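# Per-entry structural report
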Amino acid sequence: MNSQRTRLPAALLDRLALPVIAAPMFLVSGPALVEAACRAGIIGALPAANARSSEILDRWLTDLTAALARAREPQVGPWAVNLVAHRSNARLQDDLALCVRHRAPIVITALGGPQAIVEAVHGYGGLVFADVNTPEYAAKAARFGVDGLVLVCAGAGGHTGMIAAPAFVASVREFFDGMLVVAGAMSTGAAVRSAQILGADLVHMGTRFIATDESLAVPDYKQMIVDSASRDIVCTNAITGAWANKLRPSLARAGLDPDRLEVRRGGFDLTRGEDGGKAWKDLWSAGQGVGQIKAIEPVRTVVGRLRDEYAAALAAELTDPWMQRHRLGTC
Ligand SMILES: Cc1cc2nc3c(=O)[nH]c(=O)nc-3n(C[C@H](O)[C@H](O)[C@H](O)COP(=O)(O)O)c2cc1C
């Protein structure tokens, strides 16, 4: 399959200044971050669960769509809602109904079969992306007819995958020709270009947007992001049973020894309910791309820098001696 052709539909491509999603993050992404991301020309996403009730989510989406309708920027990216598709999510039907009512341009599903969501969202012309962390889950989600897959690769913030992006993208491209989104340690414009070269269409950036003015993260969390590097990321399943990348200083601050965390057996049990409050409120998460974040800035500034870096990566390709030699057939 051709790894260079974008699979983004024209309606989506035209609205983007950069092929990036400000990824949904529990307790971090709220309406202000989404609005700023969309107005900067990327896709802004929030987890439905960040609104404490479906009524609050309804208000958020009403205000967000009104604000974006008033926006005057040349490119205003579409917004996305992240729904936990697992049956333990008691709000799923109500939140899905809100996505339909507000015609969410994109719904990103996590954990569980997205079939009912695909039918409802395709009913009004929206797109569905399923978040997956192995090629096997990717194959399952592809069978439900999703438009895109978010490949959560090694080094990602939040619940991480374990497979490196080049291997994950190549495996999934063997059976899926829809849109692919790469997640995991993507914090620069050059990383965005690298994901496209691998065969992806979009990049999911979480950690890059935690230390922004518009994020809901508390000030200490934002500062810890600025002060940390990849050596400060600890991959552990001790907190919830699911593997997640956490900031070492936040574990230490909570009284845990980051070098002596237990390895849990028996998988991830959503019904234990431990994945809410403390696991994310006090034990802060970030991906391995944390070292590229040097300041707390407005989303617009971050996206502006990503655009500059991306343009520089494209320009470098044109003058790269390897590019010249392959084009001229001299090697
Ligand atoms: C603090 C935090 C919370 C997250 N919460 C969610 C979530 O609620 N739903 C989800 O699908 N992904 C969640 N993620 C994963 C992100 O959507 C994204 O895939 C990931 O951050 C990409 O890796 P990066 O952080 O290295 O850029 C979370 C990530 C972080 C860092």
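Located above this text is the structure these notes cover.
The structure contained in this document is the topic of the report that follows. All values reported here derive from a predicted model rather than from experimental measurement.

### With respect to the site of the ligand
Close contacts around the ligand come from 26 residues, with Ala23, Gly157, Gly158, Gly206 and Gly287 the closest. For the shell around the ligand, a count of residues per class yields 14 nonpolar, 10 polar and 2 charged.

### Considering the nonpolar core
Ile21, Val107, Leu149, Leu151, Val181, Val182 and Val203 are the most contacted members of the largest nonpolar core, which totals 95 residues. Residue contacts for Val181: discarding those within four places in its chain leaves Ile21, Phe129, Gly148, Leu149, Val150, Leu151, Ala200, Asp201, Leu202, Val203 and His204.

### Details of the packing of helix 3 (residues 54-70) against helix 4 (residues 92-101)
For the pair helix 3 and helix 4, interaxial distance at closest approach is 10 Å and the crossing angle is 15°. Of the possible angle classes, the one that applies to helix 3 and helix 4 is roughly parallel. Of the two possible hands of crossing, helix 3 and helix 4 adopt the one that is right-handed. When helix 3 is examined against helix 4, the residues Ser54, Leu57, Asp58 and Leu61 are found in contact with a partner set consisting of Asp94, Asp95 and Leu98.

### Describing helix 13 (residues 321-328)
The buried fraction of helix 13 is low, at 0 of 8 residues. Count one or two residues on from helix 13 and you reach Gly329, which has phi positive near 70°.

### Focus: unusual backbone geometry
Positive phi, normally seen in glycine, also occurs at Leu27, with a value near 65°. In this structure, Leu27 sits in the loop between strand 1 (20-22) and helix 2 (31-39). Unlike most non-glycine residues, Ala185 shows phi in positive territory, near 60°. Along the chain, Ala185 falls in the loop between strand 8 (179-183) and helix 8 (189-198).

What counts and how
- Residues numbered from 1 in each chain as written.
- Predicted model: local features only at pLDDT ≥ 70, side-chain atom pairs only at ≥ 80, totals over all residues.
- Near = placed C-beta within 6 Å.
- Nonpolar A, V, L, I, M, F, W, Y, C, P; charged D, E, K, R; others polar.
- Core = buried A, V, L, I, M, F, W, Y, C linked by C-beta atoms within 7 Å.
- Buried ≥ 20, exposed ≤ 12 C-beta atoms within 10 Å, placed from the backbone.
- Contact = placed C-beta atoms within 7 Å.
- Axes fitted to C-alpha atoms, helices over the stretch in contact; angles between N-to-C directions.
- Helix = DSSP H or I, 4+ residues; strand = E, 2+ residues; numbered from the N terminus.
- Parallel < 35°, antiparallel > 145°, perpendicular 65-115°, else oblique.
- Left-handed = near helix turned anticlockwise from the far one by under 90°.

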